[in-house]
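Commentary on secondary and tertiary structure
Okay, here's what each chain looks like letter by letter:
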Amino acid sequence: MKSALVSSLLFALALAGAVPKKVDYNGFKVLRVNLNEKLDKLEALEKLATHVLNPGKASFVDVVVAPENVDAVNALSAATVITEDVGAALKEEGGFSAYAGSETWFTAYHSYADHLQFLRDLQAGYTSNSAIITAGTSVEGRTLTGIQIWGTGGRGSKPAVLIHGNVHAREWITSKTVEYIAWQLLTKYSTDATVKSLVDKFDFYIVPIVNPDGFVYTQRTDRLWRKNRQTVSSSRCVGRDINRNWPYKWDAPGGASTDPCSETYKGVAAGDAPENKGLVAQVQQLKASRGIRLYLDIHSYGQYILWPYGYDCNLRAENDAQHRNLATRAASAIRAVSGTAYTIGPSCSTLYATTGSSTDYTDVTGNSTYSYTYELRDTGKYGFSLPANQIQPTVRETWAGIVSMLKDA
Ligand code: 0X9
Ligand code: ZN
């Protein structure tokens, strides 16, 4: 009865145009377009593309293009085909499965409700050394939910390790990876000496999905959505890039967009996205209490380990050498598991410029000893829609890299 009511309501809403139809990517292509640093071409390209997959690159960009726009993009600049049919590639991803508990969690993608359930179930199994935590509320009113994990010394007694996942909505492999870290720390604590030493050394704050609205939107409406779901009065376009909205060097030129339609829209004011407000408060609270030893912002894709700064390609963190040292060892640990090769370096000079990004904020304002952005698998073959059979290999190799960092930090 209830479900009949709900479905007729949904049907009525759909008729009224309130529930958008899911974007159908059949026949869409991913094209790699050579820009040769010509920014006027980028503007034209952004109008023709449904999504820009690697916003920020000046040399070339990968764009999702509808069949009817492919010729126009080719006319604009030399393009090569990266994905023949995005719809077919998304089918290979594996859809999402019902929650079954245990390590099978890491063999499929899941709904947002199931992600919350996974966290609650995990915590319920380890009530003496973990707690559910929150970090504010999203635009649509969802609570940014995470888990705190501690060892000997008790809750909140050690330097903090803070880990964020799924900042960008379409980067589904990242929440799985962040959950795997929490899962390993808790389930291996009593049997694995290395894990025990890490849990006893740090106070972990782990938030697998910091952009819940965007994540839900990728499951219901547009698989390739990146930003949050905040509106602006001046535009019909939706969404701020949470990784361009942090209140440090938000105003610096060149690393974000002031166009609400852009994938890297920075917002109207520094830190004006509700998600950023919650995350900023979390960082501030940890800074003021136990201090942050290590911050990890987990993204995909590209296979990079990056550290500050994003806003200036000539600047180096005062502990740049130590950052490099930990990243070098983490990259070797990852390679030792599966052969997956990572590129490491300061973020701006290695990837591209970003302003108002998380790791610049945690490094300078948050006073975190170490701050890294991980870009997980792959290097573009599947991109954001990494097939389900790569979840387990990815989370396992990344775990090895992060364990290495935690030992060294
Ligand atoms: O552009 C981004 O925000 C990140 N790449 S992604 O493809 N996942 O969107 C890279 C951010 C790296 N820079 C800093 N953290 N400063
Ligand atoms: Zn990202």
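First, a word on scope: everything that follows refers to the structure included in this document. (Residues numbered from 1 in each chain as written. Chains lettered and ligands numbered in written order. Predicted model: local features only at pLDDT ≥ 70, side-chain atom pairs only at ≥ 80, totals over all residues. Heavy atoms only, no water.)

1. A closer look at the nonpolar core
Across soluble globular proteins, you tend to see nonpolar side chains buried next to one another. Counting residues in hydrophobic clusters, the biggest one holds 57 residues, and the most contacted among them are Ile149, Leu185, Ile206, Leu296, Ile305, Tyr372 and Tyr374. The contacts of Leu185, once residues within four sequence positions are left out, are Ile149, Val195, Val199, Phe204, Ile206 and Trp399. In terms of nonpolar packing, the next biggest core, distinct from the first, is built from 23 residues, Val167, Tyr248, Tyr295 and Tyr361 among them. (Core = buried A, V, L, I, M, F, W, Y, C linked by side-chain atoms within 4.5 Å. Buried < 20%, exposed > 50% of the residue type's maximum accessible area, 1.4 Å probe, protein only. Contact = heavy atoms within 4.5 Å.)

2. Regarding the state of the cysteines
Counted under the stated rule, the structure contains two disulfides. Two residues share a disulfide in this structure: Cys237 and Cys261, whose sulfurs sit 2.1 Å from each other. The disulfide joining Cys237 to Cys261 has a torsion of about 85 degrees about its S-S bond and is therefore right-handed. With Cys237 in strand 10 (residues 235-238) and Cys261 in the loop between strand 10 and helix 9 (274-288), this residue pair connects regions lying 24 residues apart in the sequence. Taking the relative accessible area as the measure of exposure, Cys237 reaches 25% and is therefore partly exposed. One disulfide bridge connects Cys313 with Cys348, the sulfur atoms lying 1.9 Å from each other. What sets the handedness of the Cys313 and Cys348 disulfide is the S-S torsion sign, and at about -60 degrees it is left-handed. Linking Cys313 in the loop between strand 12 (304-307) and helix 10 (320-338) with Cys348 in helix 11 (residues 347-350), this pair joins segments that are 35 residues apart in sequence. (Disulfide = S-S within 2.5 Å. Helix = DSSP H or I, 4+ residues; strand = E, 2+ residues; numbered from the N terminus.)

3. Topic: the site of ligand 1
Contacts to ligand 1 come from 17 residues, most closely from Arg226, Arg244, Tyr352, Ser357 and Glu375. Within the side chain of Arg244, an N or O atom sits 2.8 Å from an oxygen atom of ligand 1. Contact distances for ligand 1 include 2.9 Å between a nitrogen atom and a side-chain N or O atom of Ser347. Listed by contribution, the elements that provide at least two residues to the shell around ligand 1 are strand 11 (292-300) and strand 14 (370-376). (Near = heavy atom within 4 Å. Polar contact = N/O pair within 3.5 Å; in protein donor to acceptor, adjacent residues only side chain to side chain.)

4. A few points about the environment of Asp62
Considering the arrangement of structural elements, one finds Asp62 in strand 3 (residues 60-65). On the basis of relative accessible area, Asp62 is assigned to the buried category, the value being 2%. With 302 residues separating them in the primary sequence, Asp62 and Val364 have C-alpha atoms 32 Å apart. Apart from the residues within four sequence positions on either side, Asp62 is in contact with Val30, Leu31, Arg32, His51, Val52, Leu53, Asn54, Ile82 and Tyr301.

5. Concerning the coordination of the zinc ion (ligand 2)
Every protein donor of the zinc ion (ligand 2) is listed here as His168 (ND1), Glu171 (OE), Glu171 (OE) and His299 (ND1), and their distances to the metal cover 2.0 to 2.4 Å. In terms of primary sequence, the donors binding the zinc ion (ligand 2) are separated according to H-x2-E-x127-H. Residue Glu171 is located in the loop between strand 7 (160-165) and helix 6 (172-187), and its partner His299 is located in strand 11; the two are separated by 128 residues in the primary sequence. The two residues Glu171 and His299 agree in class, both being buried. (Donors = N, O, S within 2.8 Å, 3.2 Å for Na, K, Ca; no water.)

6. Examining empty space enclosed by the protein
Inspection of the entire model under this criterion finds two cavities of 30 Å³ or more. Counted as a void, the largest cavity has a volume near 160 Å³. Along its surface, the largest cavity is lined by 17 residues, and Val30, Leu53, Thr83, Tyr382 and Ser385 are the ones closest to its centre. At the level of elements, strand 3, strand 4 (79-83) and helix 4 (86-93) are the ones that each hand at least two residues to the lining of the largest cavity. Counting residues per element, the lining of the largest cavity draws most heavily on helix 4, at three residues. (1 Å grid on protein atoms, 1.4 Å probe; cavity = no way out; pocket = protein on both sides within 12 Å on 5 of 7 lines; lining within 4 Å. Points joined across faces, edges and corners; volume = space filled by probe spheres on them.)

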